[in-house]
Amino acid sequence: MESGKSFLALLKRLCIHLFLWVLVLLFFSFFLGLEAGSFSEKIGFSAFLLPVTILTTYVVIYHLIPRYLLPKKYFRFALYSFYTLVVSAVFIIISAFYAFVIALKLEWNESLPISKSIFYIMITIYLVVVIASAFSLLKNNYTSAAKNEELKNRILEAQLKLKEQELHYLKMQIHPHFLFNTLNTIYGLSLSNNDKTPEMILQLSELLDYILYQTRKPVVKLKDEVNHIRNYIDLEQKRFQDALSINLDIDPIPEHLEISPMLLLPLVENSFKHGKDAQGSLRIKLHLKITGSNLNFEIINSKAEKNPVSESQGIGLKNIRRRLEILYPHHFELKIHNLTEEFRAFLYVNLHQNPQKIE
C-alpha cells in the first residue's frame with residue numbers, strides 16, 4: 001500500500017517536471033530560435049540547449065542549495081557555484097555549436113540575429129536556472145516553516161499535557177488529611193449515637209461530589225467555591241466543637257465571577273491542620289473581599305510558637321503557588337507571613353483573566 005502511494009507520488013512529480021521542461025523548451029524556441037525559421041527548426045535548435053539547462057538546474061537546486069547554501073556554508077557554495085558556472089558555460093558553448101551545425105545545417109544568414117549571440121543564449125539559460133533556484137528556496141522556506149510550526153505545536157501540546165498531569169497531581173494532594181480526620185470524627189460520633197452523625201455524612205457526601213465532579217471543570221462559579229468552603233468549615237466546626245473559634249468576613253459574591261476550582265480550599269485546610277496553639281485551641285479569621293473582578297483572600301490562624309514551616313505545610317503552599325503560576329500567570333499575588341503567634345496567608349487573584357484551559 002505504501003509502495004503504491006510512493007510510486008504514484010514519484011509519477012506525479014515526474015509528470016510535473018516533464019511539463020515544466022516542455023514549457024522551458026517552448027520558452028527557448030521563442031527567445032533563442034530563428035526569427036524566420038520554421039517551428040521544427042526552432043524546436044530542434046532549442047532541444048540542443050535543454051540538456052545542459054536541466055543538468056545545471058538540478059545540480060544547483062538538488063546539490064548546491066541543500067548541501068551548502070541552506071546549512072550556511074557560504075564559501076563552499078560560492079566556490080562550487082563558480083565551478084558550476086564555468087563547466088556549464090563550456091557545455092553551453094558546445095551545445096550551441098552543435099545546434100548550429102546539426103539543427104541549422106551551418107546556414108548563416110541575416111535571419112538568425114538572436115541565435116548567433118552565445119552571450120544571449122547563456123543569459124537566457126542562467127535565467128531559467130535562477131528562477132528554478134528561487135522557487136526551490138521558496139519551497140524549502142515554506143517546508144521549513146511548516147515543519148517548525150508543526151514542531152512548535154507538538155512542543156506546546158506536550159507542555160499542556162505535562163501541565164495537565166501536574167495539576168491533577170497537585171489536586172490529589174489536597175484532601176487526604178481532611179478526609180481521614182472527618183471520617184474519624186464521623187466514626188466517633190456514630191459510636192456515641194450522636195444526632196449530628198447523619199448530617200455530617202450528608203455534608204461529607206456533598207463535599208466529595210464537588211471534589212470528584214465539579215473540580216474536573218476548568219472554572220466554577222466563585223459562589224459555589226465559597227459555599228464549598230463554608231461546608232468544609234461547618235464540618236470542621238463539628239469536629240473541633242468548643243476548641244474552635246472562627247470569624248468569617250465574606251463579601252457578597254457576584255454571580256458572574258468564576259475561579260479555578262479548589263484554589264482557596266488548601267489555604268483553609270492548612271489553617272485547620274496547623275492552627276492549634278499551645279493550649280490546643282484553634283482561632284481562625286477568614287476575610288474574602290471582592291473589588292470588581294479582583295479577589296482578595298486572607299486567612300489568619302493561631303499557632304503554638306514561631307516554628308519553621310513544617311515539611312507538609314511547605315509542600316502544600318508550594319503546590320498552591322505552582323497551581324497559580326500555571327492557571328493565572330502574572331495575575332496573582334501570594335504572600336505568606338509566619339509570625340510568632342499566628343500564621344497569615346494572603347492571596348490576590350484577578351478573576352477577569354480566565355485561567356489557562358488545561359484542566
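Structural data are supplied above this passage.
These figures come from a predicted structure and were not determined experimentally.

Enquirer: Is there a simple way to explain the overall build of the chain in this structure?
Expert: Regarding its fold elements, the chain presents nine helices and seven strands. Here the chain holds 359 residues, and 36% of them are scored as buried. Working note: accessible area of the chain is about 21500 Å², and carbon and sulfur atoms make up 62% of it.

Enquirer: Where do I start with the pattern of salt bridges in this structure?
Expert: All chains considered together, the criterion is met by nine salt bridges. Between Arg-344 and Glu-342 there is a salt bridge, with the nearest N and O atoms lying 2.7 Å from each other. Residue Arg-344 is classed as partly exposed on the basis of its relative accessible area, which comes to 28%. Given a relative accessible area of 24%, Glu-342 falls into the partly exposed group. Members of the salt-bridge network, linked through shared partners, are Glu-199, Asp-234 and Lys-238.

Enquirer: Any chance you could explain the environment of His-352 here in plain terms?
Expert: Its place among the elements puts His-352 in the segment after strand S7 (342-350). Along the primary structure His-352 and Leu-257 are separated by 95 residues, whereas in three dimensions their C-alpha atoms are 8.0 Å apart.

Enquirer: Explain the nonpolar core to me, please; I cannot follow it from the model alone.
Expert: Nonpolar side chains in soluble globular proteins generally cluster together in the buried interior. The biggest cluster of nonpolar side chains holds 41 residues, and the ones touching the most others in it are Leu-222, Ile-259, Leu-264, Val-268, Phe-272, Leu-288 and Phe-297. Sorting the residues of this core by element identifies helix H6 (197-213), helix H7 (222-240), strand S2 (244-250), helix H8 (265-274), strand S4 (282-291), strand S5 (294-302), helix H9 (311-327) and S7 as the ones contributing at least two each. Residue contributions to this core peak at six residues, all from H7. Phe-272 has contacts with Tyr-232, Ile-233, Glu-236, Phe-240, Leu-244, Ile-246, Leu-282 and Ile-284, leaving out every residue within four places of it along the chain. The next biggest cluster of nonpolar side chains, apart from the first, holds 18 residues, and it includes Val-24, Phe-28, Ile-92 and Val-128.

Enquirer: How should I be thinking about the sheet that holds S5 in this particular structure?
Expert: Read across the open sheet, the five strands follow the order S2-S4-S5-S7-S6; overall the sheet is mixed. Unpaired on one side and paired on the other, S2 and strand S6 (332-338) mark the two borders of the sheet. On average, each strand axis in the sheet is tilted by 5° relative to the strand beside it, whichever way the strands run. Relative to S2, H7 is tilted by about 165°, and along the sheet it contacts S2 and S4. Strands S2, S4, S5 and S7 of the sheet are contacted by H8, whose axis makes an angle of about 5° with S5.

Enquirer: Please clarify how the packing of aromatic side chains should be interpreted in this entry.
Expert: In this description, an aromatic ring pair is defined by two values, namely the gap between the centres and the angle between the planes. In the structure shown here, the tally under the stated rule is seven aromatic pairs. Plain terms: the ring middles of Phe-27 and Phe-28 are 6.0 Å apart, the flat faces sit at 45° to each other, and that makes the pair tilted. Look at Phe-28 and you get buried, because its relative accessible area is 0%. A ring pair is formed by Tyr-68 and Tyr-80, whose centres lie 5.0 Å apart and whose planes are at 50°; its orientation type is tilted.

Enquirer: So what exactly am I meant to see when it comes to the layout of surface pockets here?
Expert: Here the idea is plain: a probe the size of a water molecule rolls over the atoms and shows the empty space left. Looking at the largest pocket, its volume works out to about 640 Å³. Residue lining of the largest pocket: 20 residues in total, with His-17, Leu-20, Ile-61, Ala-132 and Phe-135 positioned closest to the centre. Of all elements in the fold, only helix H1 (2-32), helix H2 (39-69) and helix H4 (118-172) reach the threshold of two or more residues within the lining of the largest pocket. For the lining of the largest pocket, the residue count by class is 14 nonpolar, four polar and two charged.

Enquirer: Sorry, what's going on with unusual backbone geometry here?
Expert: Negative phi is the rule for most residues except glycine; trans is the rule for most peptide bonds. Phi angles above zero are rare outside glycine, and Met-262 is one such case at about 60°. Within the secondary structure layout, Met-262 lies in the loop between strand S3 (258-259) and H8. Given the relative accessible area of 1%, Met-262 is considered buried. Positive phi is not limited to glycine here, since His-330 has a value of about 70°. When you line up the elements, His-330 lands in the loop between H9 and S6.

Enquirer: Please clarify how the packing of H6 against H7 should be interpreted in this entry.
Expert: Think of two packed helices as two axes; the pair is described by the angle between the axes and how far apart they sit. Where H6 meets H7, the closest approach of the two axes is 10 Å, and the angle between their N-to-C directions is 145°. For the pair H6 and H7, the sense of crossing is left-handed. Side by side, H6 and H7 meet where Glu-199, Met-200, Gln-203, Leu-204, Glu-206, Leu-207, Tyr-210 and Ile-211 of the first sit next to Asp-224, Glu-225, His-228, Asn-231, Tyr-232, Asp-234, Leu-235 and Lys-238 of the second. Looking at side-chain class alone, the contact of H6 with H7 contains seven nonpolar, three polar and six charged residues.

Enquirer: Got a minute to help me understand the pairing of S7 in this structure?
Expert: Where a strand is regular, its side chains alternate between the two sheet faces. One ladder, built from nine bridges, connects S5 with S7; its direction is antiparallel. Bridge pairing in S7 places Asn-294 opposite Asn-350. Where S6 lies against S7, seven bridges are found, and the strand directions are antiparallel. The residue bridging Ile-336 from the neighbouring strand is Ala-345, located in S7. Here S6 folds back onto S7, and the loop between the two strands holds three residues.

Enquirer: Is there a simple way to explain the side chain of Thr-124 in this structure?
Expert: With respect to the helices and strands, the residue Thr-124 is situated in helix H4. At 2.8 Å, the side chain of Thr-124 and the backbone oxygen of Tyr-120 are in polar contact.

Conventions we followed
Residues numbered from 1 in each chain as written. Predicted model: local features only at pLDDT ≥ 70, side-chain atom pairs only at ≥ 80, totals over all residues. Heavy atoms only, no water. Helix = DSSP H or I, 4+ residues; strand = E, 2+ residues; numbered from the N terminus. Buried < 20%, exposed > 50% of the residue type's maximum accessible area, 1.4 Å probe, protein only. Areas by Shrake-Rupley, 256 points an atom, 1.4 Å probe, with all protein chains shown as cover. Salt bridge = Lys/Arg side-chain N within 4 Å of Asp/Glu carboxyl O. Core = buried A, V, L, I, M, F, W, Y, C linked by side-chain atoms within 4.5 Å. Contact = heavy atoms within 4.5 Å. Pairing = 2+ DSSP bridges. Axes fitted to C-alpha atoms, helices over the stretch in contact; angles between N-to-C directions. Phe/Tyr/Trp six-rings, centres within 6.5 Å; stacked < 30°, edge-to-face > 60°. 1 Å grid on protein atoms, 1.4 Å probe; cavity = no way out; pocket = protein on both sides within 12 Å on 5 of 7 lines; lining within 4 Å. Points joined across faces, edges and corners; volume = space filled by probe spheres on them. Nonpolar A, V, L, I, M, F, W, Y, C, P; charged D, E, K, R; others polar. Left-handed = near helix turned anticlockwise from the far one by under 90°. Polar contact = N/O pair within 3.5 Å; in protein donor to acceptor, adjacent residues only side chain to side chain.

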